[in-house]
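Here is how the chains run, residue by residue.
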Amino acid sequence: FFSLTLYIMSHGGKKQFLQHLLQLDEQDQVNPELLDKLWYAIDADRNGVLEGNEFKRFLSAIAEYMEKDLASIGHPMSRETITKFLHSAIDRDGDGRVSKEEFCQNLKMCLDACESQV
């Protein structure tokens, strides 16, 4: 997570990343521009795929956000539970790699689904 934070801070700031994530979370419709901005912030090596430590850092950052979001609405959930949910929901084929297509198709759904299950 620390490396992702450093990367984000050097490319527009962690605050901006979290603002984009919050905007995506609060919108009723998927916003492709926000998804592109989020993808750009997390695909550090620009290979078009999240894998290995990059994928783990992504899961950690999103799980941290969701943990705080759920706690703020009175539905605490452990980060471990959220991370497992995110892993299976975003990496649908289970190959340990997330393409931009998988990311775009599944991130908004994950943000919405976690809240709807509480």
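This structure is a prediction, so every number in the text was calculated from the model and none was measured.

**Let's talk about the overall build of the chain**
Then, in step 1: Looking only at helices and strands, the chain has six helices and two strands in total.
Then, in step 2: Secondary structure elements of the chain occur, N-terminal to C-terminal, as α-α-α-β-α-α-β-α.
Then, in step 3: Sorting the 118 residues of the chain into buried and exposed places 39% on the buried side.
Then, in step 4: Within the chain, counting contacts between residues at least 6 apart in sequence, those at least 24 apart form 61% of the total.
Then, in step 5: Summed over all atoms, the accessible surface of the chain reaches about 6400 Å², with 52% contributed by carbon and sulfur.

**Side note on the packing of helix 4 (residues 52-72) against helix 5 (residues 79-90)**
Two measures define how a pair of helices packs: the angle their axes make with one another and the distance between the axes.
Then, in step 1: For the pair helix 4 and helix 5, interaxial distance at closest approach is 9 Å and the crossing angle is 125 degrees. In terms of axis orientation, helix 4 runs oblique to helix 5. Pair helix 4 / helix 5 crosses with right-handed handedness. Across the interface between the two elements, F55, F58, L59, I62, A63, E64, M66, E67 and L70 from helix 4 touch R79, I82, T83, F85, L86, H87 and I90 from helix 5.
Then, in step 2: Here the residues of the contact of helix 4 with helix 5 sort into eleven nonpolar, two polar and three charged.

**Considering the pattern of salt bridges**
Then, in step 1: For the structure on display, the rule yields seven salt bridges.
Then, in step 2: Note that D36 is salt-bridged to K100, the shortest N-O span being 2.8 Å. Of this pair, D36 sits in helix 3 (residues 32-42) while K100 sits in helix 6 (residues 100-116); the two residues are 64 residues apart in sequence, bridging distant segments of the chain.
Then, in step 3: We classify K100 as partly exposed; its relative accessible area is 32%.
Then, in step 4: For E67, the salt bridge identified is with R79, shortest N-O distance 2.7 Å. Of this pair, E67 sits in helix 4 while R79 is found in helix 5, placing the two residues twelve residues apart along the sequence.
Then, in step 5: For E67, a relative accessible area of 22% corresponds to the partly exposed category.

**Quick notes on the nonpolar core**
Then, in step 1: Counting residues in each nonpolar core, the largest one holds 25 residues, and the members touching the most others are F58, L86, F103 and L107.
Then, in step 2: Looking at this core, the elements with two or more residues in it are helix 2 (14-26), helix 3, helix 4, helix 5 and helix 6.
Then, in step 3: Looking at this core element by element, the count peaks at eight residues for helix 4.
Then, in step 4: When neighbours within four sequence positions are excluded, L107 is seen to be in contact with L21, L24, L35, L38, F58, I62 and I90.

**Observations regarding the packing of aromatic side chains**
Ring pairs (aromatic) are described by centroid distance and by the angle formed between their planes.
Then, in step 1: Counting across every chain of the model gives three aromatic pairs.
Then, in step 2: For the pair F55 and F58, a centre-to-centre distance of 6.5 Å together with 20 degrees between the ring planes defines the contact as stacked. Of this pair, F55 and F58 both sit in helix 4, three residues apart, roughly one helical turn. With respect to class, F55 is no different from F58; both count as buried.
Then, in step 3: Members of the aromatic cluster, each reached through a chain of ring pairs, are W39, F55, F58 and F103.

**Some points on the confidence of the model for the chain**
Then, in step 1: When pLDDT is averaged across the chain, the result is 80; 82% of the residues are at 70 or more.
Then, in step 2: Low pLDDT (under 50) marks residues 1-11, which in the prediction has 23 contacts with non-local residues, meaning those over four places away or in another chain.

Conventions used here
Residues numbered from 1 in each chain as written. Predicted model: local features only at pLDDT ≥ 70, side-chain atom pairs only at ≥ 80, totals over all residues. Heavy atoms only, no water. Helix = DSSP H or I, 4+ residues; strand = E, 2+ residues; numbered from the N terminus. Buried < 20%, exposed > 50% of the residue type's maximum accessible area, 1.4 Å probe, protein only. Contact = heavy atoms within 4.5 Å. Areas by Shrake-Rupley, 256 points an atom, 1.4 Å probe, with all protein chains shown as cover. Axes fitted to C-alpha atoms, helices over the stretch in contact; angles between N-to-C directions. Parallel < 35°, antiparallel > 145°, perpendicular 65-115°, else oblique. Left-handed = near helix turned anticlockwise from the far one by under 90°. Nonpolar A, V, L, I, M, F, W, Y, C, P; charged D, E, K, R; others polar. Salt bridge = Lys/Arg side-chain N within 4 Å of Asp/Glu carboxyl O. Core = buried A, V, L, I, M, F, W, Y, C linked by side-chain atoms within 4.5 Å. Phe/Tyr/Trp six-rings, centres within 6.5 Å; stacked < 30°, edge-to-face > 60°. pLDDT = per-residue confidence, 0-100.

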